[in-house]
Amino acid sequence: MKCDEIFAALAMLEKERGIPQDFMMDKIVQALTTAYKKDHPGVENVFVDVNETKKDLKMYVQKEVVEEVEEPGTQISVEEAKALSAKYALGDVVNLPVDNVEFGRIAAGNGKQVIIQGLREAETGMVYEEYNAKTHEILTGVVQRIDPRTGNAAIRIGTGTEATDAVLPLSEQVKGETLVEGQRVKVYLVDVRRLSRGPQVMISRTHPGLVKRLFELEVPEIADGVVEIRSIAREAGSRTKMAVWSNDPNVDPIGACVGQHGARVNSIVSELRGEKIDIIKYSESPEEYIAAALAPADVTDVWMADEGKACRVIVPDDQLSLAIGKEGQNARLAARLVGYKIDIKPDSFRGSAEEAAEAAAEAGAEPAGEAAPETEE
């Protein structure tokens, strides 16, 4: 059956939408064979021969040559087979061509529907592949709608056939930030999931990865790999702590991120609507790393626990509140940044602790706080 129109349509789809002709042809062939089997119960082996050169499609039913036919849908007698060609013998498989008129009826009834469905599947697959490749990247979208009931924002990402809709949940929006319809906004692509109704794009404005990607875009030294971002702790809309490291001793990692007169970091702060960013230097020494993480407070001493990831930090008495931060934020972010549990004490605690230990030693008693627990009889 000549199918010039089908081949021409597939060629146009590939040119205009980038959908491979092979993908669509496979869908058409699958639909034609399924439709034929539905109209002919008992028939199992059906295939379509695609001749791209002649732009021709032919359908065949395969049947096994047997002495006595028990299943007409899959078997043909020796007599009938030999009537077609003397070469056939028992056990051979015969390819019986389907009448062009019947094949044409099946193709006409299913072709359009298959192309529409295949087109939808192809575009869905292309959208998934397109955005799955952009996972953990920053994308720019346009706010389409704000749900007054939930506060979730519908964001349109991309343009043309690659555009898709994503939902920015209220939980992934920066606290205190107001989004309005038509506003262009940068979002972080967290994940892409395949669902029956199409790909679901998971986006966020609160993810620490957003800050990391913004610095990678703004700071050439990070993009080049000279400066590395080792860790980020973020409370979106309020404050972020970021640890950086330089592979080149001649490059100051903090200076590179801050930029001349603070231009680079200020650009990112502006994008994050005024969110404060503390940039500290990463260190292989836990003591140095922890002390730096508690900036802007000065640290007098760091005592590491014998076991586990915990420490006690000593700071000047007048900087205790600065080290802890408002509602404990500075200490909380520092602990998340370095991955240690941090107990902050003032200098006066060090003196009282040492005096208590010395007094206990002189008296031959256990130091305060280290006495063995009493047991009940």
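Since the model is a prediction, treat every value here as computed from it, not as a measurement.

## A closer look at the overall build of the chain
Counting its regular elements, the chain contains 12 helices and 15 strands. Out of the 377 residues in the chain, the part that is buried amounts to 38%. Long-range pairs, those at least 24 residues apart, make up 57% of the contacts in the chain between residues at least 6 apart in sequence.

## Some details on the pattern of salt bridges
Inspection of the entire model under this criterion finds 15 salt bridges. The closest approach of N and O atoms between arginine 273 and glutamate 177, which form a salt bridge, is 3.7 Å. In this pair, arginine 273 is assigned in the loop between helix 8 (263-271) and strand 12 (276-281) and glutamate 177 in the loop between strand 7 (164-168) and strand 8 (184-195), connecting sequence segments 96 residues apart. Owing to a relative accessible area of 43%, arginine 273 belongs among the partly exposed residues under this scheme. Residue classification places glutamate 177 among the buried positions, given a relative accessible area of 14%. Among the salt bridges present, the one from arginine 332 reaches glutamate 235, with a minimum N-O distance of 2.6 Å. Placement of arginine 332 in helix 11 (residues 329-338) and of glutamate 235 in strand 10 (residues 227-235) is noted, with a sequence separation of 97 residues between them.

## Side note on the sheet that holds strand 14 (residues 310-315)
As summarised here, the arrangement of the 3 strands in space is 13-14-15, forming an open sheet in which the pairing is mixed. Of all the strands in the sheet, the pair left with one neighbour each is strand 13 (301-304) and strand 15 (341-346). In this sheet, adjacent strand axes meet at a mean angle of 20° when their direction is disregarded. Alignment of strand 14 against strand 15, held across 6 bridges, turns out to be parallel. Residue pairing in the sheet places valine 313 in a bridge with isoleucine 344 of strand 15. Packed on one face of the sheet, helix 9 (residues 286-293) meets strand 13, strand 14 and strand 15 and runs near 130° to strand 13.

## Focus on the packing of aromatic side chains
The tally for this structure, following the rule as stated, stands at 3 aromatic pairs. Relative to tyrosine 60, the ring of phenylalanine 47 has its centre 5.3 Å away and its plane inclined at 20°; by these criteria the two rings are stacked. Placement of phenylalanine 47 in strand 1 (residues 46-51) and of tyrosine 60 in strand 2 (residues 56-66) is noted, with a sequence separation of 13 residues between them. On the basis of relative accessibility, which here comes to 27%, the residue phenylalanine 47 falls in the partly exposed class. Grouped by ring-pair contacts, the aromatic residues Trp245, Tyr282 and Tyr289 constitute a single cluster. If you follow lysine 134 out to its NZ or CZ, it ends over the ring of tyrosine 131, 5.5 Å from the centre.

## Points about a negative patch on the surface
A cluster of acidic residues, Glu44, Glu67, Glu68, Glu70, Glu71, Glu79 and Glu80, forms a negative patch at the surface. Relative to the helices and strands, glutamate 80 is located in helix 3 (residues 78-84). Overall, glutamate 80 belongs to the partly exposed group, its relative accessible area being 46%.

## A short note on the side chain of serine 77
Within the secondary structure, serine 77 sits in strand 3 (residues 75-77). A polar contact is formed between the side chain of serine 77 and the side chain of glutamate 80, at a distance of 3.2 Å. Setting aside residues no more than four positions away along its own chain, serine 77 makes contact with Val65, Val66, Glu67 and Val69.

## Topic: the sheet that holds strand 11 (residues 239-246)
Pairing is mixed in the open sheet, where 3 strands are placed in the order 10-11-12. For this open sheet the edge positions go to strand 10 and strand 12, each flanked by a neighbour on one side alone. Averaged over all neighbouring strand pairs, the angle between strand axes comes to 20°, with direction disregarded. In this structure, strand 10 lies alongside strand 11, joined through 8 bridges in antiparallel fashion. Note on strand 11: the bridge partner recorded for glutamate 228 is tryptophan 245. Together, strand 10, strand 11 and strand 12 form the strand contacts of helix 5 (residues 208-218), whose direction differs from that of strand 10 by roughly 145°.

## Overview of unusual backbone geometry
That bond from alanine 295 to proline 296 is cis: its omega, 15°, falls within 30 degrees of zero. By the element assignment, proline 296 lies in the loop between helix 9 and strand 13.

## As for the side chain of threonine 135
Residue placement: threonine 135 occurs in the loop between helix 4 (100-132) and strand 5 (138-146). Threonine 135 gets classed as buried once you look at its relative accessible area, which sits at 17%. At a separation of 2.8 Å, a polar atom in the side chain of threonine 135 contacts the main-chain carbonyl oxygen of asparagine 132. Ignoring any residue separated from it by four or fewer positions in sequence, one finds threonine 135 in contact with Leu189, Val190, Asp191 and Val192.

Rules behind the numbers
- Residues numbered from 1 in each chain as written.
- Predicted model: local features only at pLDDT ≥ 70, side-chain atom pairs only at ≥ 80, totals over all residues.
- Heavy atoms only, no water.
- Helix = DSSP H or I, 4+ residues; strand = E, 2+ residues; numbered from the N terminus.
- Buried < 20%, exposed > 50% of the residue type's maximum accessible area, 1.4 Å probe, protein only.
- Contact = heavy atoms within 4.5 Å.
- Salt bridge = Lys/Arg side-chain N within 4 Å of Asp/Glu carboxyl O.
- Pairing = 2+ DSSP bridges.
- Axes fitted to C-alpha atoms, helices over the stretch in contact; angles between N-to-C directions.
- Phe/Tyr/Trp six-rings, centres within 6.5 Å; stacked < 30°, edge-to-face > 60°.
- Lys NZ or Arg CZ within 6 Å of the ring centre and 35° of its normal.
- Patch = residues over 30% accessible without salt bridge, like charges linked within 9 Å, V, L, I, M, F, W, Y side chains within 5 Å.
- Areas by Shrake-Rupley, 256 points an atom, 1.4 Å probe, with all protein chains shown as cover.
- Lys, Arg positive; Asp, Glu negative; His and termini not counted.
- Charge placed at Lys NZ, Arg CZ, Asp CG, Glu CD.
- Polar contact = N/O pair within 3.5 Å; in protein donor to acceptor, adjacent residues only side chain to side chain.

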